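Report on the structure
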Amino acid sequence: VAEYTKYVVYMIESMIASMKAPPTPQKFVVLFDLKGFSPSLVFRRDVRLMIRKLIYVAQAQYPERLHKTLLVNAPLGFQSAWKLIQPLLDEK
């Protein structure tokens, strides 16, 4: 979990470094491919911790830069898992 979170932060920082310098406001979109994700994974403590950390990184560390987060290839039944994840998200 910690290594994956560090990897995501590294990738975001690399992306920011490659953006144009201000005053042009630069925002980014995060894309999560959920292919192979099983909604039952949300019940695992380590997976919930990773989801919380990734949400924290996106919302708290990059609030002015994060434009959108997109989830693609969500499996059938993902709506149930989403109900557990959604309360962790900031409305912005």
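The following refers to the structure shown. (Residues numbered from 1 in each chain as written. Predicted model: local features only at pLDDT ≥ 70, side-chain atom pairs only at ≥ 80, totals over all residues. Heavy atoms only, no water.)

Moving on: the overall build of the chain. In terms of helices and strands, the chain carries three helices and two strands. Each helix and strand of the chain, ordered N terminal to C terminal, gives the series α-β-α-β-α. If one aligns the C-alpha atoms of the chain with their principal axes, the spans along those axes are about 45 × 25 × 20 Å. Classification of the 92 residues of the chain by burial places 25% in the buried group. Taking the contacts inside the chain whose residues are at least 6 apart along the sequence as the reference set, 83% of them involve residues at least 24 apart. Approximately 7,000 Å² of the chain is accessible, and the part contributed by carbon and sulfur atoms is 59%. Taking the average place of the 13 positive charges on the side chains of the chain and the average place of its 7 negative ones, the gap between the two points comes to 2 Å. (Helix = DSSP H or I, 4+ residues; strand = E, 2+ residues; numbered from the N terminus. Buried < 20%, exposed > 50% of the residue type's maximum accessible area, 1.4 Å probe, protein only. Contact = heavy atoms within 4.5 Å. Areas by Shrake-Rupley, 256 points an atom, 1.4 Å probe, with all protein chains shown as cover. Lys, Arg positive; Asp, Glu negative; His and termini not counted. Charge placed at Lys NZ, Arg CZ, Asp CG, Glu CD.)

Turning our eyes to something else, we now look at the pattern of salt bridges. What the rule picks out here adds up to one salt bridge. Here Arg44 and Asp46 are joined by a salt bridge, their closest N and O atoms 2.7 Å apart. (Salt bridge = Lys/Arg side-chain N within 4 Å of Asp/Glu carboxyl O.)

This next bit is on the packing of aromatic side chains. A full pass over the atoms with the stated rule returns two aromatic pairs. Where Phe28 meets Tyr62, the ring centres are 6.1 Å apart and the plane angle is 75 degrees; that geometry is what we call edge-to-face. Here Tyr62 lies in the loop between helix H2 (45–61) and strand E2 (66–72) and Phe28 lies in strand E1 (residues 28–33), a separation of 34 residues in the sequence. Under the relative-accessibility criterion, Tyr62 is labelled buried at 8%. (Phe/Tyr/Trp six-rings, centres within 6.5 Å; stacked < 30°, edge-to-face > 60°.)

Attention shifts here to H2. Taking 1.5 Å as the rise per residue, H2 with 17 residues should run 24 Å; its terminal C-alpha atoms sit 23 Å apart, in good agreement. Along H2, the positions that sit buried rather than exposed are Val47, Ile51, Leu54, Ile55, Val57 and Ala58. Buried residues in H2, looked at end-on, bunch into an arc of 155 degrees, giving them a common side. Against the buried residues of H2 lie helix H1 (2–17), E1, E2 and helix H3 (78–85). (Expected span 1.5 Å × (residues − 1). Arc of directions from axis to C-beta.)

With that out of the way, let us pick up the pairing of E1. Across six bridges, E1 lies against E2 in parallel orientation. Across the sheet, Val30 pairs through a bridge with Thr69, a residue of E2. A crossover links E1 with its parallel partner E2, the connecting element being H2, and its sense is right-handed. (Pairing = 2+ DSSP bridges. Right-handed = clockwise from strand over helix to strand, strands pointing away.)

The phi dihedral of Asn73 falls on the positive side, at around 60 degrees, and the residue is not glycine. The topology assignment puts Asn73 in the loop between E2 and H3. The exposure class of Asn73 is partly exposed, given its relative accessible area of 49%.

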